[in-house]
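Structural overview for review
One-letter residues, chain by chain:
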Amino acid sequence: MGLFDSLKRGLERSREALNEVFYFGGEVDESFWEELEDTLVMGDMGGEIAMRVTDDLRETAARKNLKTADQLRAALAERLREFFVEPESDIFDDTPSCVLFVGINGAGKTTTVGKIASAEAEAHAGKRVVIGSADTFRAAAIEQLDVWGQRADVPVIKRDRGSDPASVCYDVLDEADKRGSDLVLIDTAGRLHSSPELMRELAKVVKVTRKRAESCAAGPMPVHVVLVIDSATGQNGLVQAEEFNDALGLDGIIMTKLDGTAKGGIALAVAEKLKLPIYRIGVGEQVEDLQRFDAADFCRALVGLD
Ligand SMILES: Nc1nc2c(ncn2[C@@H]2O[C@H](COP(=O)(O)OP(=O)(O)OP(=O)(O)O)[C@@H](O)[C@H]2O)c(=O)[nH]1
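Residues numbered from 1 in each chain as written. Predicted model: local features only at pLDDT ≥ 70, side-chain atom pairs only at ≥ 80, totals over all residues.

Turning next to the overall build of the chain. Check the secondary structure of the chain and you find 12 helices and eight strands. Computed over C-alpha atoms, the radius of gyration of the chain comes to 21 Å, within 12% of the 19 Å expected from 2.2 N^0.38 for 306 residues, which places it in the range of a compact globule. The burial tally for the chain puts 46% of its 306 residues in the buried class. Intrachain contacts of the chain at a sequence separation of at least 6 include 75% that bridge at least 24 residues. (Helix = DSSP H or I, 4+ residues; strand = E, 2+ residues; numbered from the N terminus. Rg over C-alpha atoms; globule rule 2.2 N^0.38 Å. Buried ≥ 20, exposed ≤ 12 C-beta atoms within 10 Å, placed from the backbone. Contact = placed C-beta atoms within 7 Å.)

Following this line, the structure appears as C-alpha coordinates:
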(Lines give C-alpha, C1' and ligand atoms only; values in the text may rest on other atoms or scores of the structure.)
Protein backbone atom coordinates (compact mmCIF):
# COMPACT_ATOMS: atom_id res chain seq x y z
CA MET A 1 0.00 0.00 0.00
CA GLY A 2 1.33 3.45 -0.90
CA LEU A 3 1.94 6.09 1.74
CA PHE A 4 -1.03 8.17 0.70
CA ASP A 5 -3.31 5.12 0.73
CA SER A 6 -2.31 4.14 4.24
CA LEU A 7 -2.92 7.71 5.37
CA LYS A 8 -6.32 7.68 3.69
CA ARG A 9 -7.19 4.42 5.37
CA GLY A 10 -6.09 5.81 8.73
CA LEU A 11 -8.28 8.86 8.36
CA GLU A 12 -11.28 6.86 7.18
CA ARG A 13 -13.57 7.93 9.99
CA SER A 14 -13.18 11.62 9.30
CA ARG A 15 -13.39 11.09 5.56
CA GLU A 16 -16.61 9.13 5.81
CA ALA A 17 -18.19 11.74 8.06
CA LEU A 18 -17.21 14.50 5.64
CA ASN A 19 -18.42 12.45 2.69
CA GLU A 20 -21.89 12.54 4.16
CA VAL A 21 -21.75 16.31 4.47
CA PHE A 22 -20.56 16.69 0.89
CA TYR A 23 -23.24 14.38 -0.40
CA PHE A 24 -25.74 17.15 -0.98
CA GLY A 25 -28.22 17.00 -3.80
CA GLY A 26 -28.82 20.49 -5.08
CA GLU A 27 -27.74 23.80 -3.62
CA VAL A 28 -25.40 24.48 -0.73
CA ASP A 29 -27.76 25.71 1.96
CA GLU A 30 -27.59 26.72 5.60
CA SER A 31 -27.78 23.14 6.83
CA PHE A 32 -24.68 22.24 4.78
CA TRP A 33 -22.61 24.80 6.70
CA GLU A 34 -24.03 23.69 10.03
CA GLU A 35 -23.31 20.04 9.29
CA LEU A 36 -19.81 20.88 8.10
CA GLU A 37 -19.01 22.74 11.31
CA ASP A 38 -20.42 19.94 13.49
CA THR A 39 -18.46 17.32 11.57
CA LEU A 40 -15.21 19.24 11.94
CA VAL A 41 -15.81 19.52 15.69
CA MET A 42 -16.46 15.78 15.87
CA GLY A 43 -13.19 15.22 13.99
CA ASP A 44 -11.23 16.51 17.04
CA MET A 45 -10.36 19.91 15.63
CA GLY A 46 -12.00 21.77 18.46
CA GLY A 47 -14.91 24.19 18.28
CA GLU A 48 -12.92 27.33 17.62
CA ILE A 49 -11.00 25.99 14.63
CA ALA A 50 -14.12 24.30 13.22
CA MET A 51 -16.00 27.59 13.34
CA ARG A 52 -13.15 29.56 11.81
CA VAL A 53 -12.71 27.03 8.98
CA THR A 54 -16.44 26.97 8.24
CA ASP A 55 -16.70 30.77 8.19
CA ASP A 56 -13.65 31.12 5.95
CA LEU A 57 -14.84 28.44 3.55
CA ARG A 58 -18.23 30.06 3.36
CA GLU A 59 -16.64 33.37 2.48
CA THR A 60 -14.36 31.73 -0.13
CA ALA A 61 -17.29 29.84 -1.65
CA ALA A 62 -19.26 33.08 -2.03
CA ARG A 63 -16.29 35.02 -3.42
CA LYS A 64 -15.18 32.35 -5.89
CA ASN A 65 -18.65 31.06 -6.64
CA LEU A 66 -17.80 27.51 -5.55
CA LYS A 67 -20.82 25.26 -5.87
CA THR A 68 -19.90 21.64 -6.45
CA ALA A 69 -18.84 19.19 -3.76
CA ASP A 70 -15.44 18.76 -5.44
CA GLN A 71 -14.78 22.49 -5.52
CA LEU A 72 -15.74 22.85 -1.87
CA ARG A 73 -13.70 19.83 -0.83
CA ALA A 74 -10.59 21.19 -2.55
CA ALA A 75 -11.09 24.62 -0.95
CA LEU A 76 -11.54 22.96 2.46
CA ALA A 77 -8.30 20.98 2.05
CA GLU A 78 -6.47 24.19 1.13
CA ARG A 79 -7.86 26.06 4.11
CA LEU A 80 -6.91 23.26 6.52
CA ARG A 81 -3.42 23.15 5.03
CA GLU A 82 -2.83 26.73 6.19
CA PHE A 83 -2.88 25.67 9.84
CA PHE A 84 0.27 23.59 9.53
CA VAL A 85 3.77 24.88 10.08
CA GLU A 86 6.55 23.88 7.68
CA PRO A 87 9.74 22.85 9.50
CA GLU A 88 12.79 24.93 8.63
CA SER A 89 14.71 21.69 8.18
CA ASP A 90 14.24 18.05 9.07
CA ILE A 91 15.79 17.32 12.47
CA PHE A 92 16.60 13.75 11.45
CA ASP A 93 18.26 14.76 8.17
CA ASP A 94 20.04 17.88 9.27
CA THR A 95 22.84 16.37 11.34
CA PRO A 96 24.49 16.40 13.78
CA SER A 97 21.32 16.25 15.77
CA CYS A 98 20.16 14.91 19.10
CA VAL A 99 16.44 14.29 19.48
CA LEU A 100 14.74 13.66 22.81
CA PHE A 101 11.39 11.87 22.55
CA VAL A 102 8.91 12.82 25.28
CA GLY A 103 5.25 12.12 25.91
CA ILE A 104 2.67 10.38 28.05
CA ASN A 105 2.74 6.64 28.75
CA GLY A 106 2.09 4.43 25.77
CA ALA A 107 2.11 7.27 23.20
CA GLY A 108 4.54 5.32 21.04
CA LYS A 109 7.91 6.89 21.90
CA THR A 110 9.98 3.70 22.04
CA THR A 111 8.46 2.34 18.84
CA THR A 112 9.03 5.65 17.07
CA VAL A 113 12.68 5.81 18.15
CA GLY A 114 13.13 2.28 16.77
CA LYS A 115 11.40 3.05 13.49
CA ILE A 116 13.42 6.23 12.94
CA ALA A 117 16.72 4.54 13.81
CA SER A 118 15.95 1.79 11.28
CA ALA A 119 14.79 4.16 8.58
CA GLU A 120 17.74 6.52 8.94
CA ALA A 121 20.37 3.77 9.17
CA GLU A 122 18.91 2.06 6.13
CA ALA A 123 18.41 5.14 3.98
CA HIS A 124 21.83 6.66 4.54
CA ALA A 125 24.77 4.28 4.48
CA GLY A 126 27.51 5.62 6.72
CA LYS A 127 25.18 7.73 8.85
CA ARG A 128 26.21 7.11 12.44
CA VAL A 129 23.01 6.69 14.40
CA VAL A 130 22.92 5.92 18.11
CA ILE A 131 19.96 5.17 20.39
CA GLY A 132 19.93 6.25 24.04
CA SER A 133 17.58 4.59 26.46
CA ALA A 134 16.69 7.13 29.16
CA ASP A 135 13.45 5.32 29.95
CA THR A 136 14.90 3.80 33.09
CA PHE A 137 11.45 3.18 34.51
CA ARG A 138 9.97 0.58 32.18
CA ALA A 139 12.28 -2.44 31.83
CA ALA A 140 10.52 -3.56 28.65
CA ALA A 141 11.39 -0.25 26.96
CA ILE A 142 15.12 -1.07 27.20
CA GLU A 143 14.50 -4.59 25.81
CA GLN A 144 12.30 -3.14 23.04
CA LEU A 145 15.07 -0.73 22.04
CA ASP A 146 17.65 -3.52 22.08
CA VAL A 147 15.55 -5.43 19.54
CA TRP A 148 15.16 -2.35 17.33
CA GLY A 149 18.87 -1.60 17.69
CA GLN A 150 19.91 -5.11 16.66
CA ARG A 151 17.55 -5.09 13.72
CA ALA A 152 18.88 -1.75 12.48
CA ASP A 153 22.46 -2.49 13.50
CA VAL A 154 22.47 0.66 15.60
CA PRO A 155 24.14 0.77 19.06
CA VAL A 156 21.88 1.22 22.08
CA ILE A 157 23.36 3.04 25.07
CA LYS A 158 21.59 2.03 28.26
CA ARG A 159 21.98 1.90 32.03
CA ASP A 160 20.29 -0.14 34.75
CA ARG A 161 16.63 0.25 35.46
CA GLY A 162 16.10 2.94 38.08
CA SER A 163 19.18 4.99 37.04
CA ASP A 164 18.82 8.76 36.97
CA PRO A 165 17.57 9.58 33.44
CA ALA A 166 19.51 12.86 33.27
CA SER A 167 22.80 11.10 33.99
CA VAL A 168 21.92 8.43 31.41
CA CYS A 169 21.51 11.21 28.84
CA TYR A 170 24.88 12.65 29.86
CA ASP A 171 26.45 9.22 29.30
CA VAL A 172 24.65 8.79 25.97
CA LEU A 173 26.06 12.11 24.75
CA ASP A 174 29.52 11.17 26.05
CA GLU A 175 29.37 7.93 24.09
CA ALA A 176 27.95 9.63 20.99
CA ASP A 177 30.72 12.21 21.22
CA LYS A 178 33.38 9.47 21.35
CA ARG A 179 31.83 7.65 18.41
CA GLY A 180 31.38 10.82 16.36
CA SER A 181 27.66 10.07 16.00
CA ASP A 182 25.56 12.04 13.52
CA LEU A 183 22.13 11.33 14.94
CA VAL A 184 21.35 10.62 18.60
CA LEU A 185 17.83 9.41 19.39
CA ILE A 186 16.91 9.36 23.09
CA ASP A 187 13.83 7.62 24.45
CA THR A 188 12.45 8.93 27.75
CA ALA A 189 9.97 7.40 30.18
CA GLY A 190 6.30 8.13 29.65
CA ARG A 191 4.80 10.55 32.14
CA LEU A 192 1.63 12.44 32.74
CA HIS A 193 1.79 16.12 31.87
CA SER A 194 -0.19 16.73 35.08
CA SER A 195 2.59 15.40 37.32
CA PRO A 196 4.78 18.40 38.33
CA GLU A 197 7.46 16.17 39.82
CA LEU A 198 7.87 14.04 36.68
CA MET A 199 7.80 17.12 34.47
CA ARG A 200 10.57 18.68 36.58
CA GLU A 201 12.59 15.50 36.15
CA LEU A 202 12.14 15.77 32.40
CA ALA A 203 13.14 19.44 32.38
CA LYS A 204 16.38 18.37 34.09
CA VAL A 205 16.89 15.67 31.43
CA VAL A 206 16.57 18.30 28.71
CA LYS A 207 18.87 20.75 30.52
CA VAL A 208 21.62 18.20 31.14
CA THR A 209 21.41 16.90 27.56
CA ARG A 210 21.66 20.42 26.13
CA LYS A 211 24.59 21.27 28.36
CA ARG A 212 26.57 18.15 27.44
CA ALA A 213 25.70 18.49 23.77
CA GLU A 214 27.27 21.95 23.70
CA SER A 215 30.73 20.56 24.31
CA CYS A 216 30.94 17.77 21.73
CA ALA A 217 34.37 17.42 20.18
CA ALA A 218 33.06 18.09 16.68
CA GLY A 219 31.26 21.24 17.87
CA PRO A 220 27.92 21.85 19.60
CA MET A 221 25.25 19.32 18.73
CA PRO A 222 21.74 20.83 18.42
CA VAL A 223 19.18 19.21 20.74
CA HIS A 224 15.52 18.95 19.73
CA VAL A 225 12.67 18.00 22.02
CA VAL A 226 9.87 16.21 20.23
CA LEU A 227 6.49 15.37 21.73
CA VAL A 228 5.00 12.04 20.66
CA ILE A 229 1.19 12.14 20.73
CA ASP A 230 -1.19 9.23 20.29
CA SER A 231 -3.69 10.62 17.76
CA ALA A 232 -6.51 8.66 19.33
CA THR A 233 -6.30 10.72 22.53
CA GLY A 234 -8.48 13.34 20.85
CA GLN A 235 -8.65 16.82 22.30
CA ASN A 236 -6.65 15.72 25.35
CA GLY A 237 -3.67 15.67 22.98
CA LEU A 238 -3.89 19.46 22.88
CA VAL A 239 -3.74 19.72 26.68
CA GLN A 240 -0.72 17.38 26.71
CA ALA A 241 1.02 19.43 24.05
CA GLU A 242 0.45 22.72 25.87
CA GLU A 243 1.73 21.37 29.20
CA PHE A 244 4.81 19.70 27.72
CA ASN A 245 5.54 22.83 25.74
CA ASP A 246 5.25 25.05 28.82
CA ALA A 247 7.58 22.78 30.79
CA LEU A 248 10.20 22.03 28.14
CA GLY A 249 9.85 24.29 25.11
CA LEU A 250 9.06 21.78 22.36
CA ASP A 251 10.62 21.83 18.90
CA GLY A 252 8.11 19.62 17.13
CA ILE A 253 5.53 16.89 17.19
CA ILE A 254 5.20 13.29 16.06
CA MET A 255 1.66 11.93 15.79
CA THR A 256 1.31 8.16 16.19
CA LYS A 257 -1.51 5.67 15.63
CA LEU A 258 -3.11 7.55 12.78
CA ASP A 259 -4.01 4.09 11.49
CA GLY A 260 -6.37 3.38 14.37
CA THR A 261 -9.53 5.10 15.49
CA ALA A 262 -7.96 8.52 15.17
CA LYS A 263 -9.90 11.25 13.47
CA GLY A 264 -6.88 13.33 12.57
CA GLY A 265 -8.16 16.73 13.61
CA ILE A 266 -5.99 16.79 16.71
CA ALA A 267 -2.87 17.05 14.54
CA LEU A 268 -4.26 20.25 13.14
CA ALA A 269 -5.37 21.62 16.52
CA VAL A 270 -1.89 21.07 18.01
CA ALA A 271 -0.03 22.48 15.02
CA GLU A 272 -2.25 25.55 15.00
CA LYS A 273 -2.18 26.25 18.73
CA LEU A 274 1.54 25.73 19.32
CA LYS A 275 2.80 26.65 15.84
CA LEU A 276 5.01 23.59 15.83
CA PRO A 277 5.95 21.41 12.86
CA ILE A 278 4.94 17.74 12.67
CA TYR A 279 8.05 15.78 11.77
CA ARG A 280 6.65 12.28 11.31
CA ILE A 281 3.40 10.36 11.60
CA GLY A 282 2.96 6.74 12.67
CA VAL A 283 0.46 4.65 10.74
CA GLY A 284 1.11 1.21 12.23
CA GLU A 285 3.39 -0.84 14.45
CA GLN A 286 5.89 -2.02 11.87
CA VAL A 287 9.16 -0.43 10.87
CA GLU A 288 7.78 0.81 7.57
CA ASP A 289 4.75 2.42 9.21
CA LEU A 290 6.32 5.79 9.74
CA GLN A 291 5.95 8.63 7.27
CA ARG A 292 7.26 12.09 6.80
CA PHE A 293 4.41 14.45 7.39
CA ASP A 294 3.10 16.13 4.28
CA ALA A 295 0.46 18.71 5.22
CA ALA A 296 -1.08 18.87 1.74
CA ASP A 297 -1.45 15.08 1.53
CA PHE A 298 -2.79 14.92 5.06
CA CYS A 299 -5.48 17.52 4.38
CA ARG A 300 -6.48 15.92 1.09
CA ALA A 301 -6.78 12.53 2.77
CA LEU A 302 -8.76 14.07 5.61
CA VAL A 303 -11.39 15.62 3.35
CA GLY A 304 -11.63 12.61 1.02
CA LEU A 305 -9.72 13.81 -2.05
CA ASP A 306 -7.48 11.47 -4.04
N1 LIG B 1 -1.29 1.00 15.52
C2 LIG B 1 -0.20 1.66 15.92
N3 LIG B 1 0.41 1.30 17.06
C4 LIG B 1 1.50 1.98 17.44
C5 LIG B 1 2.03 3.06 16.69
N6 LIG B 1 3.11 3.52 17.34
C7 LIG B 1 3.25 2.76 18.46
N8 LIG B 1 2.28 1.83 18.53
C9 LIG B 1 2.03 0.81 19.56
O10 LIG B 1 1.69 1.47 20.78
C11 LIG B 1 2.11 0.70 21.90
C12 LIG B 1 2.90 1.56 22.84
O13 LIG B 1 4.09 1.93 22.16
P14 LIG B 1 5.46 2.24 22.91
O15 LIG B 1 6.43 2.64 21.87
O16 LIG B 1 5.84 1.14 23.82
O17 LIG B 1 5.02 3.50 23.77
P18 LIG B 1 5.88 4.39 24.76
O19 LIG B 1 5.45 5.80 24.55
O20 LIG B 1 7.34 4.13 24.61
O21 LIG B 1 5.38 3.84 26.16
P22 LIG B 1 5.92 4.20 27.67
O23 LIG B 1 7.38 3.89 27.69
O24 LIG B 1 5.10 3.35 28.57
O25 LIG B 1 5.63 5.61 27.89
C26 LIG B 1 2.89 -0.48 21.33
O27 LIG B 1 2.05 -1.59 21.30
C28 LIG B 1 3.24 -0.02 19.91
O29 LIG B 1 3.40 -1.09 19.02
C30 LIG B 1 1.34 3.44 15.46
O31 LIG B 1 1.69 4.37 14.75
N32 LIG B 1 0.25 2.70 15.14
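So, about the sheet that holds strand β3 (residues 156-158). To summarise the sheet geometry, strands pair through backbone hydrogen bonds and adopt either a parallel or an antiparallel arrangement. As summarised here, the arrangement of the eight strands in space is β3-β2-β4-β1-β5-β6-β7-β8, forming an open sheet in which the pairing is mixed. Since the sheet does not close on itself, it has two edges, and those belong to β3 and β8 (290-292), each with one partner. The average undirected angle you get between the axes of adjacent strands in this sheet is 25°. Seen against the sheet, helix α10 (residues 236-248) touches β1 (97-102), β5 (223-230) and β6 (252-256) and runs at an angle of roughly 160° to β5. (Pairing = 2+ DSSP bridges. Axes fitted to C-alpha atoms, helices over the stretch in contact; angles between N-to-C directions.)

Every one of the 22 residues lining the ligand counts as a neighbour, but G108, T110, T111, G190 and G282 are closest to it. The greatest single-element share of the shell around the ligand, amounting to three residues, is contributed by helix α6 (residues 109-123). Grouping the amino acids of the shell around the ligand by side-chain chemistry returns four nonpolar, 11 polar and seven charged. (Near = placed C-beta within 6 Å. Nonpolar A, V, L, I, M, F, W, Y, C, P; charged D, E, K, R; others polar.)

Under the UniProt annotation, "domain: AAA+ ATPase" (unreviewed entry) lies at residues 95-260. Between the C-alpha atoms that bound residues 95-260 the distance is 32 Å, and the span itself is 46% helix and 20% strand. (UniProt positions renumbered as here; feature names shortened; annotations may be inferred.)

Another aspect to go through is the pairing of strand β4 (residues 183-188). Extensive coverage of β4 is indicated by the burial of six of its six residues. Here five bridges tie β1 to β4, and the two strands are oriented parallel to one another. Counterpart to C98 in the pairing with β4 is V184. The pairing of strand β2 (residues 129-134) with β4 spans six bridges and is parallel. Pairing of S133 across the sheet is with D187, part of β4.

This part takes up α6. Helix length check: α6, at 15 residues, gives a terminal C-alpha distance of 21 Å against a target of 21 Å (1.5 Å per residue), a fit within 8%. Considered for burial, the residues of α6 that qualify are K109, T110, T111, T112, V113, G114, K115, I116, A117, S118 and E120. (Expected span 1.5 Å × (residues − 1).)

Once that is clear, we can look at helix α12 (residues 295-303). Counting buried residues along α12, seven of its nine residues qualify, which places the element largely inside the surrounding structure. Every buried residue of α12 is listed here: A295, F298, C299, R300, A301, L302 and V303. Two residues or fewer past α12, G304 is found with a positive phi of approximately 90°.

Counting 89 residues, the largest nonpolar core has L185, I186, V226 and I253 as its most contacted members. The contact partners of V226, leaving out residues within four places of it in the chain, are V99, L100, F101, D251, G252, I253, I254 and Y279. (Core = buried A, V, L, I, M, F, W, Y, C linked by C-beta atoms within 7 Å.)

Once that is clear, we can look at the environment of A267. For A267, the position within the fold is in helix α11 (residues 265-274). What makes A267 buried here is the crowd of 28 C-beta atoms within 10 Å. In this structure, the C-alpha to C-alpha distance between A267 and A140, residues 127 residues apart in sequence, is 28 Å. With sequence-adjacent residues up to four places away left out, A267 is seen in contact with S231, M255, I278 and F298.

With that out of the way, let us pick up the packing of helix α4 (residues 47-64) against helix α5 (residues 69-81). In helix packing, the relevant descriptors are the interaxial angle and the interaxial distance, both defined with respect to the helix axes. Axis separation between α4 and α5 bottoms out at 10 Å; the angle between their running directions is 130°. When the interaxial angle is binned, α4 and α5 end up oblique. Handedness of the crossing formed by α4 with α5: right-handed. Contact with α4, carried on its side by V53, D56, L57, T60 and A61, involves L72, A75, L76, R79 and L80 of α5 and no other residues of that element. In the contact of α4 with α5, the residues fall into seven nonpolar, one polar and two charged. (Parallel < 35°, antiparallel > 145°, perpendicular 65-115°, else oblique. Left-handed = near helix turned anticlockwise from the far one by under 90°.)

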